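Residue-level structure breakdown
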Amino acid sequence: MNEAAIFAEDVKKYYTVKVGFRKKAEIKAVDGISLIVREGESHCIVGESGSGKTTVSKLVLGLEPPTSGTLKFFGEDLKEILVDKNKLRAFRKSVQAVFQDPYSSLNPRKTIKEILEKPFKVHQIDYNSSIIESLLQDVGMVPPQAFLDRYVHQISGGQRQRVCIARALALKPKIVTLDEPTAALDVTIKAQILNLLIDLKSKYNLTYVIISHELPLLKGIADKITVMYAGKVIEQGPAKNIFSKPHHPYTIGLLESIPPPDPKTAKEKPLPVMEGEPPSPVNPPPGCRFHTRCPFATDVCRKEEPKLSEVEKEHFTACFHLRNVVQ
Ligand SMILES: Nc1ncnc2c1ncn2[C@@H]1O[C@H](COP(=O)(O)OP(=O)(O)O)[C@@H](O)[C@H]1O
Ligand SMILES: [Mg+2]
């Protein structure tokens, strides 16, 4: 089998922060996650705010080294990439990012043409106007000539995100990370951007890492899903399994946290699992980190940490009470 595009094994990212005079605390932003993203896959990482998703994207982009654990890209260890100038240059070109807020990630003083030229200039790669125009064409900004000389404030929010996507694609990357790519957009525009991402993935042979807190939104685009809670993976598997038969109470809660469009199809009594707040990443509770909010929690959940176990082929869940949760 080919090497995975991304291979992460027991990756941790701890931040040390000052808390008062001479006192320090350790924030366990990512606390031992493992995942494999195959080439051409769209791997979605979901969880509430503070669960460690953005930290995972920073690790995948090589912007932050892991505190411990192994992170490999197409078989090559990130540690080796980071210390070799040529490897790092190739890595930066082949792993690109799209962020949540297209407004703050685009320079307001540059035209769209200048924004799209920049990656070529930074990497000293030849380009011409037809390359820039075809990038705009590919992200649905037609006719491209109508947009080249415009500034960011002269286009809509959806178009701004299209420009961010075009910029990420400029150097023909292999992997694109998208951190909450639709969170700042209206509902109808969200769907358009997700459809665009689906089209571009096959056209450009991309591998996606998509980060979102809105699990139901990812139904059409996700191949694999990793659900994170307080820095840990609590469920992971093929998207179709996670949507049709989620096992972890937290995943079930995430799927039910957005009301269905038709109240008649709403379940009579949704699980009351999404009340309360995620725990502090400085002092996570012992045992299962979700036990403080879980309606199924018993003594074992308060004492022991559940390990991920395979519940179906390639579908893993960390919970002591699966038989009670999944009927
Ligand atoms: N550079 C940093 N220094 C200190 N703490 C951080 C840093 N980056 C993230 N954190 C903390 O790590 C936790 C996870 O953050 P993040 O990865 O941004 O979560 P998410 O994207 O899921 O909202 C949060 O508690 C956050 O405050
Ligand atoms: Mg985030």
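Residues numbered from 1 in each chain as written. Chains lettered and ligands numbered in written order. Predicted model: local features only at pLDDT ≥ 70, side-chain atom pairs only at ≥ 80, totals over all residues.

Thoughts on the environment of His43
Along the chain, His43 turns up in strand β3 (residues 42–46). Residue class for His43 comes out buried when judged on the 25 C-beta atoms lying within 10 Å of it. As for His43 and Ala239, which are separated by 196 residues in sequence, their C-alpha atoms are 8.8 Å apart. Excluding anything up to four places from it in sequence, His43 contacts Leu35, Val37, Tyr208, Val209, Asp223, Lys224 and Thr226. (Helix = DSSP H or I, 4+ residues; strand = E, 2+ residues; numbered from the N terminus. Buried ≥ 20, exposed ≤ 12 C-beta atoms within 10 Å, placed from the backbone. Contact = placed C-beta atoms within 7 Å.)

Considering the sheet that holds strand β8 (residues 207–212)
Reading across the sheet, the eight strands line up as β6-β7-β8-β3-β9-β10-β12-β11 and stay open at both edges, with mixed pairing between neighbours. Lying at the two open borders of the sheet, with one neighbouring strand each, are β6 (95–98) and β11 (309–312). Strand-to-strand twist in this sheet, taken as the mean axis angle between neighbours without regard to direction, amounts to 25°. Relative to strand β12 (residues 315–317), β11 runs antiparallel, the two being bridged by three bridges. Within the sheet, the bridge partner assigned to Glu312 lies in β12 and is His315. Packing against the sheet, helix α9 (residues 249–256) makes contact with β3, β9 (224–229) and β10 (232–238), and its axis sits at approximately 105° to β9. (Pairing = 2+ DSSP bridges. Axes fitted to C-alpha atoms, helices over the stretch in contact; angles between N-to-C directions.)

Points about the site of ligand 1
Lining the immediate environment of ligand 1, one finds 13 residues, of which Tyr15, Ala29, Lys53, Thr54 and Thr55 sit closest. Secondary structure elements with two or more residues in the shell around ligand 1: β1 (6–18), β2 (24–37) and α1 (53–60). Taken together, the residues that form the shell around ligand 1 break down as five nonpolar, seven polar and one charged. (Near = placed C-beta within 6 Å. Nonpolar A, V, L, I, M, F, W, Y, C, P; charged D, E, K, R; others polar.)

What about unusual backbone geometry?
Of note, the bond from Val142 into Pro143 is cis; its omega dihedral lies within 30 degrees of zero at -10°. One can find Pro143 in the loop between α5 (129–138) and α6 (157–169). Positive phi outside glycine occurs at Lys172, with the angle close to 50°. Tracing the sequence through the fold places Lys172 in the loop between α6 and β7 (175–179).

Thoughts on the confidence of the model for the protein
Across the protein, pLDDT averages 92, with 94% of residues at or above 70. The low-confidence segment residues 266–272 (pLDDT under 50) makes nine contacts with residues lying over four places distant or belonging to another chain. (pLDDT = per-residue confidence, 0-100.)

Regarding the pairing of β10
Burial analysis of β10 places six of its seven residues in the buried class, which makes it a mostly covered element. Both β9 and β10 contribute to a ladder of six bridges, which runs antiparallel. Bridged to Tyr229 within β10 is Lys232. Counted between consecutive antiparallel strands, the loop separating β9 from β10 contains two residues, among which Ala230 sits at a positive phi close to 50°.

Points about the sheet that holds β1
Here four strands make up an open sheet; going across it, the order is β2-β1-β4-β5 and the pairing antiparallel. The sheet is open, and its two edges are formed by β2 and β5 (76–77), each paired on a single side. With 11 bridges connecting them, β1 and β2 associate as antiparallel partners. The residue of β2 that forms the bridge with Lys13 is Val30. Where α1 meets the sheet, it contacts β1, β2 and β4 (68–73), and its direction lies at approximately 65° from that of β2.

Some remarks on the packing of α6 against helix α7 (residues 187–203)
Interhelical geometry of α6 versus α7 gives an angle of 20° and a closest axis separation of 10 Å. In terms of axis orientation, α6 runs roughly parallel to α7. The two elements α6 and α7 meet at a crossing, and its hand is right-handed. Taking contact as the criterion, the partners of Gly157, Gly158, Gln161, Arg162, Ile165 and Leu169 in α6 are, on α7, Ile189, Gln192, Ile193, Leu196 and Leu200. Partitioning the contact of α6 with α7 into residue classes produces six nonpolar, four polar and one charged. (Parallel < 35°, antiparallel > 145°, perpendicular 65-115°, else oblique. Left-handed = near helix turned anticlockwise from the far one by under 90°.)

Here's the deal with the pairing of β4
Bridge count between β1 and β4: five bridges; the pairing is antiparallel. Paired with Phe7 across the bridge in β4 is Lys72. Pairing of β4 with β5 involves two bridges; the strand directions are antiparallel. By the bridge assignment, Lys72 is partnered in β5 with Asp77. Linking β4 back to β5 in an antiparallel pair, the connection comprises two residues, with Phe74 at a positive phi of about 45°.

Looking at the nonpolar core
Ranked by internal contacts, the top residues of the largest apolar core, which has 77 residues, are Ala166 and Val227. A per-element tally of this core places α6 first, with six residues. When residues no more than four places from it in sequence are discounted, the contact partners of Val227 are Val46, Gly47, Val233, Ile234, Glu235, Gln236, His248, Tyr250, Thr251 and Leu254. (Core = buried A, V, L, I, M, F, W, Y, C linked by C-beta atoms within 7 Å.)

As for helix α4 (residues 112–122)
Restricting attention to buried positions, one finds in α4 the residues Ile112, Ile115, Leu116 and Pro119. All buried residues of α4 fall inside an arc of 95° around its axis, so they share one side. The outward face of α4, more than 90 degrees from its buried face, is lined by the exposed residues Lys121 and Val122. Those residues of α4 that are buried are in contact with α5 and α6. Phi for Gln124, located one or two positions after α4, is positive at around 50°. (Arc of directions from axis to C-beta.)

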